[in-house]
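Structural features, examined
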Amino acid sequence: MPCLGLGLYQTPKEETTNIVHNALRLGYRQVDSAQLYGNEREACLGITKFLEESPKVSRSDIFFTTKIKTQDQGYESAKKSIEESLNRVKELDYIDLFLIHAPLTNKEKRLGTWKAFQEYYETGKIKAIGVSNYGIQHLEEMYQWDGLKIDPMVNQYELNPWLTRKELSNYCHQKGMIIQAYSPLTRARRLQDPELVKLVEDSYPEQTSAQILVNWSLQMGFVPLVKTVHEDRLKENIKSCDFELSSADLKKLTHDDQYYLSQPKWDPIKYEG
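Let me begin by describing the structure that accompanies this report. (Residues numbered from 1 in each chain as written. Predicted model: local features only at pLDDT ≥ 70, side-chain atom pairs only at ≥ 80, totals over all residues. Heavy atoms only, no water.)

**Re the overall build of the chain**
- Along the backbone of the chain there are 10 helices and eight strands.
- Over its C-alpha trace the chain gives a radius of gyration of 18 Å, about what one expects of a compact globule, namely 19 Å for 273 residues.
- Expressed as lengths along the three principal axes of its C-alpha atoms, the size of the chain is roughly 55 × 45 × 30 Å.
- Evaluated residue by residue, the chain yields a buried proportion of 56% over its 273 residues.
- A separation of at least 24 residues holds for 77% of the contacts in the chain among residues at least 6 apart in sequence.
- A total of about 12300 Å² of accessible surface is found on the chain, and carbon and sulfur atoms cover 48% of it.
- The average position of the 35 basic charges and that of the 39 acidic charges among the side chains of the chain differ by 3 Å. (Helix = DSSP H or I, 4+ residues; strand = E, 2+ residues; numbered from the N terminus. Rg over C-alpha atoms; globule rule 2.2 N^0.38 Å. Buried < 20%, exposed > 50% of the residue type's maximum accessible area, 1.4 Å probe, protein only. Contact = heavy atoms within 4.5 Å. Areas by Shrake-Rupley, 256 points an atom, 1.4 Å probe, with all protein chains shown as cover. Lys, Arg positive; Asp, Glu negative; His and termini not counted. Charge placed at Lys NZ, Arg CZ, Asp CG, Glu CD.)

**Structural notes on the packing of helix 5 (residues 136–143) against helix 6 (residues 166–174)**
- Two numbers describe how helix 5 lies on helix 6: the axes approach to 10 Å, and their chain directions differ by 25°. Classified by the angle their axes make, helix 5 and helix 6 are roughly parallel. Along the contact surface, helix 5 presents Ile 136, Leu 139, Glu 140 and Tyr 143, while helix 6 presents Glu 167, Leu 168, Tyr 171 and Cys 172.
- Of the residues that constitute the contact of helix 5 with helix 6, the class distribution is six nonpolar, no polar and two charged. (Axes fitted to C-alpha atoms, helices over the stretch in contact; angles between N-to-C directions. Parallel < 35°, antiparallel > 145°, perpendicular 65-115°, else oblique. Nonpolar A, V, L, I, M, F, W, Y, C, P; charged D, E, K, R; others polar.)

**Let's talk about the packing of helix 1 (residues 13–26) against helix 2 (residues 40–53)**
- Running from amino to carboxyl end, helix 1 crosses helix 2 at an angle of 35°, the nearest separation of the two axes being 7 Å. Our pair here, helix 1 against helix 2, has a crossing hand that is right-handed. Residues Lys 13, Thr 16, Thr 17, Val 20, His 21, Leu 24 and Arg 25 of helix 1 pack against Glu 42, Ala 43, Leu 45, Gly 46, Ile 47, Lys 49, Phe 50 and Glu 53 of helix 2.
- Looking at the contact of helix 1 with helix 2 residue by residue, the classes come out as six nonpolar, four polar and five charged. (Left-handed = near helix turned anticlockwise from the far one by under 90°.)

**Things to note about the pattern of salt bridges**
- If you walk through the whole model with that rule in mind, you get 13 salt bridges.
- With its nearest N and O atoms 3.2 Å apart, the salt bridge here joins Asp 267 to Arg 165. With a gap of 102 residues between them, Asp 267 in the segment after helix 10 (247–253) and Arg 165 in the loop between strand 6 (154–158) and helix 6 connect regions that are remote in the sequence.
- A salt bridge links Lys 252 to Asp 249, with the nearest nitrogen and oxygen atoms 3.7 Å apart. Of this pair, Lys 252 and Asp 249 are both found in helix 10, three residues apart, which corresponds to roughly one turn of the helix.
- Residue classification places Lys 252 among the partly exposed residues on the basis of a relative accessible area of 46%. (Salt bridge = Lys/Arg side-chain N within 4 Å of Asp/Glu carboxyl O.)

Below, the structure written as structure tokens:
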């Protein structure tokens, strides 16, 4: 899995193909979509367009992720839904990573979905399987299930310096899961945070606040998924990989005692149903 990805949440269908193509042209190699986003097909077209123009880049160099929507959870529903996604991106031949988008159903549906995931993983049509927005309680439910054959490989959830979810992140690392961080830029709501701005001014004058936040995720061992429809910001975000925060600055920026959600009403990790 590439260390940085392009997220397609709320990216309009009519802009998706172009933004994916541009991102790949600039050096991105990971694209994160979802059934709920409604742009799987357009993302696929952006990838295939790039590959047709780039003979030195192979399909295996591109990492494409999608997620099953909540209303399609459950064994039979999930199988049908997975087939629909595979058909929408048929030119890619396979899906690199399929996630359960959120745990917002019930135990039977969550585990039924995972059963379907395991079966498709064994066919090779899906190369990796994981979850999104899962808390420890949801993961424990899976680990204690006697039908578990393949452990979740990824957990994707919101992370930023003011939302480290330390207990969950430590748990995932201990279980060997890759952690993907969505909304690493706090949806731009904390780019002017006084502490962050001062850090840029004092120590990283050639970087932007956004680049500092992306780099924070990278150095914390997360895989950040950045979202933009602007080419200049695509360039800016990918350059976040070109420097490192000092250990002192990383520590200074990390606020384990805070719990800042960019969307306060959206926190499925705490779901108990």
